Amino acid sequence: MKTTVTPKMLKIRLILALTLFSIQASAVQQHHRHDYIRITGSVTTGEKEAVEFATVYLKGTGYGAATAADGTYGFGAPAGNYTLVVSAVGYQTVERSIGIVAGRANRFDIPVTPEVEQLDEVVVSADGITRVKRSAYNAVAIDTKSLQNTTLDLSGALAKAPGVKLRESGGVGSDMRYTLDGFGGKHIKVFIDGVPQEGVGTAFGLNTIPVNFAERIEVYKGVVPVGFGTDALGGVINVVTGKAKKQRFVDASFSYGSFGTHKVYLNAGQTFKNGLTYQVNAFRNYSRNDYHIDVAVEEFLGPDYTDGSRLNSKNIRRVKRFHDNYHNEAIVVKAGIVDKKWADRLLFGATYAHFYKEIQTGIIQKVVFGGKHRKGYSVMPSMEYSKRGLFTKGLDVSLTANYNRNITRHIDTASYRFNWRAEKQRITSPGEQSYQNTHSKNANLNATFTANYRFSNAHAIVLNHVWSSFRRENSATAGSTSSNTATAIPKETRKNISGLAYRLTPSERWNLSIFGKYYNLFNAGPLSTSTSGSEVFRAADTMGALGYGAAGTYFILKPLQAKLSFERAYRLPTNEEVFGDEDMELGTITLRPELSDNYNFNLSYGRPFGDHAVFIEGGLILRNTKDYIQRRIGSQSGGKTYATYENHGRVATKGFTLSANYNYRNRVSAGGSLTKVDVRDNVRTVEGGSNQVSVTYGARMPNVPYLFANADATLYLHDLRKKGNTAVIAYEMTYLHSFPLYSEVLGNDGGYMVPAQLAHNISLSYSVKGGRYNLSIECRNILDERLYDNFSLQKAGRAFYGKVRVYFGNN
């Protein structure tokens, strides 16, 4: 159960912060007096999670201290009987009578209970989320509790964070990419409970996982903590799932809506008194995705390709998508032991996921398919271990590992081509894009080790190492690849990323982290030496590099916090960028890693005013990137379009984000954010050593949104008709400024620009018996605006959804 900071709790926090320095100074002086006795202990939640920056003191005295990051404390005091007081933001204050006796261990471990008061969808919570906000890194967290009655998936919830732009190529199950402060796609790494998700397969993407799967979503923008052990340049998304509660619980829901969309979700689990725990998540999504779009329709002049066709690109018709069915199913099971002397958590898990997807369009919307599809499944066993105070006090370790085996079949065997009216025309050779029936067998292994050692309350070091491997083997029963030499050559990647960080936390007012990273990459796969692809050999390459950085935060005033960070970082090419997807994404095995100098500055102000609370935040972004990996549209013989990847010399990124939130007594909340990030070509001269200035120098990079905003308002009607019943009315607005689809230097003709877009959503939910039974309805894109995304692919118009959810257990 997660808690949030209310105006009253914020006020307490300010008072505690004011007295913290004097308490710590007093404790240090007292400890060195020989007649004082050392007392120690820890402050934890009921789920044994550490509570940092809690104030622990003896009532009526000046003896006390603040807890460290692991929840431990220690100070000196004379022998005697006292009342020990523990105060922490977001938790109920605890008072316990204790006796301090000379000659024995005086250790007092104090559990604290959260205060349950919701502030807003983007929250500062004492249990887990406060750690993100107090961090020196530019991070926010989205508490999903208020979203769990909606039909959103994890990607939809993520889009509420400032600076985040979700980019989709269609409806449910479509390809999805993110833009985070100007960086998108593979620049952003996704984790679930700290475990990297690269290579997990299509069936388990964030846009297929219900929002109820997560307890919160952490978004780290720019410089990323060493503990993630990643090579992300744009940032990290970490989905934090809920832990099984002491009492048995069941969370089940069903939703239905436009375009034949229905979703089913089940989550159940329990932790027993002997430490045994289990949790099961299962879900299914289905949609026809048969919404209307506006597109030029190619007119077939006869039943055969030789009869010809004509296309008037300015004759736009409204047609319905007809070949975009999608469904996926997944089950995630975890079981193990918690709260033992030798392990805080030891869990073993297994995930099975399956998907089927029809392919309606190519990379661009004018390309239409009527028979092409793909399907596959993945199996992933996993392990998670963590222990605080392993072998010695202050040493915390965690180890995670997973092995993912996923198989995807790409099927393109139709003997017809189609237009947007679902009419077909016989073609001379089969295959709408490229004739194939290919099996891609992918094996991914990820292992992460993290050790955090605090040798005092103010000093800590973190060591992290991530090892990952990827291997793809292809086989084919149809198409040119069935006998292609390239198919017989496996595609392999191995990554090792090591990080070491030092953290200085002399007080609650400021902290500083400095870190270094070592990157090692090995790639091997087929490389063609001829334009026809007939001459292929196995190419291999290894690289190593060092990165470094620092991040600090300082409370200028009690409610005013500043954050500054810098990092020189490398971003290693992903499996898809290097090897493609064996279908419409063509990899480039010769890609070089990106090198980027990242600067981030963030300023936030939060303060309660009686029953009112406001939070305002702004950030500046500056990045200089070398060998920027760019996704572009390419073509091959026959006019077929593909996505390709290439290194672009230098790119400069400058921008800012602004966000504000307001809350009134948990009855009304409102907020919004604005992001403007220019990603511009920074290559001054043309290639070949010429001094001629490049025509694209200073131009915006194509197909990258640079100005977008969102706003929301929520009304809570508590105890409606009966105590414990709550109605919630929510409104959301999203805005996207027009941006160039291709290079700006080509002009601003409508075919080269993605138009500006403004969309409105509204939802109504009603909960009874404290959230046990829930009913909600939603309308998205109320005004039926034309919405476009990746390479100007059109998204769904107005849509309606309803959801029924039941929850048994303690929230």
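Now for a description of the structure that goes with this document. (Residues numbered from 1 in each chain as written. Predicted model: local features only at pLDDT ≥ 70, side-chain atom pairs only at ≥ 80, totals over all residues. Heavy atoms only, no water.)

**Comments concerning the overall build of the protein chain**
1) Next: Counting its secondary structure elements, the protein chain contains 5 helices and 46 strands.
2) Next: For the protein chain, with 811 residues in total, the buried portion stands at 57%.
3) Next: By sequence separation, contacts in the protein chain at least 24 residues apart represent 66% of the contacts at least 6 residues apart.
4) Next: Accessible surface, the protein chain: about 33800 Å² in total, of which carbon and sulfur atoms supply 57%. (Helix = DSSP H or I, 4+ residues; strand = E, 2+ residues; numbered from the N terminus. Buried < 20%, exposed > 50% of the residue type's maximum accessible area, 1.4 Å probe, protein only. Contact = heavy atoms within 4.5 Å. Areas by Shrake-Rupley, 256 points an atom, 1.4 Å probe, with all protein chains shown as cover.)

**A closer look at the packing of aromatic side chains**
1) Next: One pass over the full model with this rule turns up 15 aromatic pairs.
2) Next: The interplanar angle of 65° and the centroid separation of 5.7 Å between the aromatic rings of phenylalanine 259 and tyrosine 291 together place this pair among those described as edge-to-face. Of this pair, phenylalanine 259 sits in the loop between β16 (249–257) and β17 (261–271) while tyrosine 291 is found in the loop between β18 (276–287) and β19 (292–296), placing the two residues 32 residues apart along the sequence. The pair phenylalanine 259 / tyrosine 291 is uniform in exposure class, with both members buried.
3) Next: Geometrically, the ring pair formed by phenylalanine 322 and phenylalanine 418 is tilted, given 6.3 Å between the ring centres and 45° between the ring planes. Of this pair, phenylalanine 322 sits in the loop between β22 (316–320) and β23 (326–340) while phenylalanine 418 sits in strand β27 (residues 416–418), and the two are 96 residues apart along the sequence.
4) Next: The class for phenylalanine 322 is partly exposed, based on a relative accessible area of 29%.
5) Next: Its relative accessible area of 14% is what places phenylalanine 418 among the buried residues. (Phe/Tyr/Trp six-rings, centres within 6.5 Å; stacked < 30°, edge-to-face > 60°.)

**Structural notes on a nonpolar patch on the surface**
1) Next: A grouping of Trp510, Leu512, Ile514, Tyr554, Ile556, Leu557, Leu564, Phe601, Leu603 and Leu620 is seen on the molecular surface, where their side chains present a nonpolar patch of about 870 Å² in accessible area.
2) Next: For the nonpolar patch, the secondary structure elements donating two or more residues are β32 (510–528), β33 (536–557) and β36 (594–609).
3) Next: Counting through the fold element by element, leucine 564 comes out in strand β34 (residues 560–571). (Patch = residues over 30% accessible without salt bridge, like charges linked within 9 Å, V, L, I, M, F, W, Y side chains within 5 Å. Salt bridge = Lys/Arg side-chain N within 4 Å of Asp/Glu carboxyl O.)

**Considerations on the side chain of asparagine 207**
1) Next: Mapped onto the fold, asparagine 207 is located in the loop between β13 (195–196) and β14 (216–221).
2) Next: A distance of 2.8 Å separates a polar side-chain atom of asparagine 207 from the backbone oxygen of serine 174.
3) Next: What asparagine 207 contacts, discounting residues up to four positions off in sequence, is Asp153, Ser155, Glu168, Gly173, Ser174 and Met176. (Polar contact = N/O pair within 3.5 Å; in protein donor to acceptor, adjacent residues only side chain to side chain.)

**Quick word on the sheet that holds strand β8 (residues 139–143)**
1) Next: What the 5 strands build is an open sheet, ordered β8-β14-β15-β12-β13; its pairing is mixed. On the outer flanks of this sheet lie β8 and β13, each paired with one strand and no other.
2) Next: Pairing geometry for strand β12 (residues 188–192) and strand β15 (residues 235–240), over 5 bridges, is parallel. Residue pairing in the sheet places valine 190 in a bridge with isoleucine 237 of β15. (Pairing = 2+ DSSP bridges.)

**Some points on unusual backbone geometry**
1) Next: Here phenylalanine 259, not a glycine, exhibits a phi torsion of approximately 65°, which is positive.
2) Next: For phenylalanine 259, a relative accessible area of 17% gives the class buried.
3) Next: Its identity as a non-glycine residue notwithstanding, lysine 769 has a phi of 55°, on the positive side.
4) Next: Turning to its location among the elements, lysine 769 is positioned in the loop between β44 (757–768) and β45 (773–780).
5) Next: Its relative accessible area of 57% is what places lysine 769 among the exposed residues.

**Things to note about the environment of asparagine 267**
1) Next: Considering the arrangement of structural elements, one finds asparagine 267 in strand β17.
2) Next: A relative accessible area of 7% places asparagine 267 in the buried class.
3) Next: Note: C-alpha distance between asparagine 267 and aspartate 251 (16 residues apart in sequence) is 5.0 Å.
4) Next: Setting aside anything within four residues of it in sequence, one finds asparagine 267 in contact with Phe249, Val250, Asp251, Gln279, Val280 and Asn281.
5) Next: A polar side-chain atom of asparagine 267 sits 3.3 Å from a polar atom in the side chain of glutamine 279.

**Considerations on the sheet that holds strand β5 (residues 80–87)**
1) Next: Taken together, 4 strands build an open sheet; the order of strands is β3-β2-β5-β6 and the sheet is antiparallel. Either end of the sheet is taken by a strand with one partner, and the two such strands are β3 (64–66) and β6 (94–100). Across this sheet, the average inter-strand angle for adjacent strands is 20°, counted without regard to direction.
2) Next: Sheet analysis places strand β2 (residues 55–58) next to β3, joined by 3 bridges and oriented antiparallel. (Axes fitted to C-alpha atoms, helices over the stretch in contact; angles between N-to-C directions.)

**Quick word on the pattern of salt bridges**
1) Next: Evaluation of the coordinates by the stated rule reveals 36 salt bridges.
2) Next: With its nearest N and O atoms 3.2 Å apart, the salt bridge here joins arginine 345 to glutamate 384. Here the residue arginine 345 occupies a position in strand β24 (residues 343–358), and glutamate 384 occupies one in strand β25 (residues 373–387), the gap between them amounting to 39 residues. Of the two residues, arginine 345 and glutamate 384, neither departs from the other in class, the shared state being buried.
3) Next: A salt bridge links arginine 680 to aspartate 678; the shortest N-O distance between them is 3.5 Å.
4) Next: Taking relative accessible area as the criterion, aspartate 678 reaches 16% and is therefore assigned buried.
5) Next: By sharing partners, the salt bridges in this structure join Asp294, Arg318, Asp784 and Arg786 into a single network.

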